Amino acid sequence: DAGITQSPRYKITETGRQVTLMCHQTWSHSYMFWYRQDLGHGLRLIYYSAAADITDKGEVPDGYVVSRSKTENFPLTLESATRSQTSVYFCASSDSAALGNQPQHFGDGTRLSIL
Amino acid sequence: QQQVKQSPQSLIVQKGGISIINCAYENTAFDYFPWYQQFPGKGPALLIAIRPDVSEKKEGRFTISFNKSAKQFSLHIMDSQPGDSATYFCAAPKRGGSNYKLTFGKGTLLTVNP
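Described below are features of the structure shown in this document.

Each value, and the rule that gives it
Residues numbered from 1 in each chain as written. Chains lettered and ligands numbered in written order. Predicted model: local features only at pLDDT ≥ 70, side-chain atom pairs only at ≥ 80, totals over all residues. Heavy atoms only, no water. Contact = heavy atoms within 4.5 Å. Buried area = accessible area lost by both parts, 1.4 Å probe. Salt bridge = Lys/Arg side-chain N within 4 Å of Asp/Glu carboxyl O. Polar contact = N/O pair within 3.5 Å; in protein donor to acceptor, adjacent residues only side chain to side chain. Helix = DSSP H or I, 4+ residues; strand = E, 2+ residues; numbered from the N terminus. Disulfide = S-S within 2.5 Å. Buried < 20%, exposed > 50% of the residue type's maximum accessible area, 1.4 Å probe, protein only. Phe/Tyr/Trp six-rings, centres within 6.5 Å; stacked < 30°, edge-to-face > 60°. Pairing = 2+ DSSP bridges. Axes fitted to C-alpha atoms, helices over the stretch in contact; angles between N-to-C directions.

So, the interface of chain B and chain A
Next, step 1: Taken together, the contact between chain B and chain A spans 20 residues of the former and 23 residues of the latter.
Next, step 2: For the chain B and chain A pair, buried surface summed over both sides reaches about 1800 Å², with 55% attributable to carbon and sulfur atoms.
Next, step 3: Taken together, the connections running from chain B to chain A amount to one salt bridge.
Next, step 4: Between Asp108 of chain A and Lys42 of chain B there is a salt bridge whose closest N-O contact spans 3.6 Å.
Next, step 5: Linking chain B with chain A are four residue pairs in polar contact (both at pLDDT 80 or more).
Next, step 6: Only strand S4 (33–38) and strand S10 (102–104) of chain B provide two or more residues apiece to the side of chain B that touches chain A.

Re the state of the cysteines
Next, step 1: One pass over the full model with this rule turns up two disulfides over all chains.
Next, step 2: What pairs with Cys23 of chain A in a disulfide is Cys91 of chain A, and their sulfur atoms sit 1.9 Å apart. On the S-S bond that ties Cys23 of chain A to Cys91 of chain A, the torsion sits near -75°, and the link is left-handed. Pair noted here: Cys23 of chain A is in strand S3 (residues 19–25) and Cys91 of chain A is in strand S9 (residues 87–94), with a separation of 68 residues, a long-range link.
Next, step 3: What makes Cys91 of chain A buried here is its relative accessible area of 0%.
Next, step 4: Each sulfur in the disulfide pair Cys23 of chain B and Cys90 of chain B lies 1.7 Å from the other. Between Cys23 of chain B and Cys90 of chain B, the S-S torsion sits near -85°, and that sign places the bridge as left-handed. A residue pair is termed long-range when its members are at least 10 positions apart, and Cys23 of chain B in strand S3 (residues 19–25) and Cys90 of chain B in strand S9 (residues 86–93) qualify at 67 residues. Neither Cys23 of chain B nor Cys90 of chain B differs from the other in exposure class; each is buried.

A word on the packing of aromatic side chains
What describes a pair of aromatic rings is the distance from one ring centre to the other and the angle between the planes of the rings.
Next, step 1: Scanning the model with the defined rule gives 18 aromatic pairs over all chains in all.
Next, step 2: Seen from their ring centres, Tyr35 of chain A and Phe104 of chain B are 5.5 Å apart, and the 90° between their planes marks the pair as edge-to-face. Taken as a pair, Tyr35 of chain A in strand S4 (residues 31–38) and Phe104 of chain B in strand S10 lie in two separate chains rather than in one.
Next, step 3: By relative accessible area, Phe104 of chain B is classed as buried at 5%.

Here we look at the sheet that holds strand S7 (residues 62–67) of chain B
Residues and elements named next belong to chain B.
Next, step 1: Pairing within the open sheet is antiparallel, and its five strands lie in the order S1-S3-S8-S7-S6. The sheet is open, and its two edges are formed by strand S1 (4–7) and strand S6 (56–59), each paired on a single side. Across the sheet, the mean angle separating the axes of adjacent strands is 15° when strand polarity is ignored.
Next, step 2: Two elements, S6 and S7, share four bridges in a ladder whose sense is antiparallel. Within the sheet, the bridge partner assigned to Lys58 lies in S7 and is Thr63.

The following block contains the structure:
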């Protein structure tokens, strides 16, 4: 089925550990995004990518690393997890936005708890 | 950082009533203002979007009203139903970016009582 999938759906880890959240989309969309959702903050952009091998920072990039070697995958890595990174993480994709007005399609999220 | 101020934070309406959620944004050269709907345990999904060359857009029971001079736009849900209970986010393009970089409001939790 076409769509965007995130894995794992739930993850518990400890401070200082490295953790990678996976995102895969089957539409061949050019743009992909990572957001975190926290109570009182809404959705905040962490990183985004306009194409394979092109990534850029969003609002809250500190402590996160991304890569995009293939169009369909956009993993997010927390190199040394901290409790403040406990959140729900959403991946999204969008078709080429040359003229804008393209909706972003979201996955169902990864709920990450850092103890 | 571009700010998008959304209100109210939460809203309770009776079935059949009108739900109204408001957003205000800062100056922007871009022209795409979407609303997203999110159910518990799911990712947000595009509900309806507007370009500011029109003052209103209607899709079924959902209407966006846009006031470009005031830099405000609002979502109206007519004949609200319990199935509309969800969190709603407005968004606006980031200043200096393109339409694909959106700043989201903090969300409004809508509860529609039967």
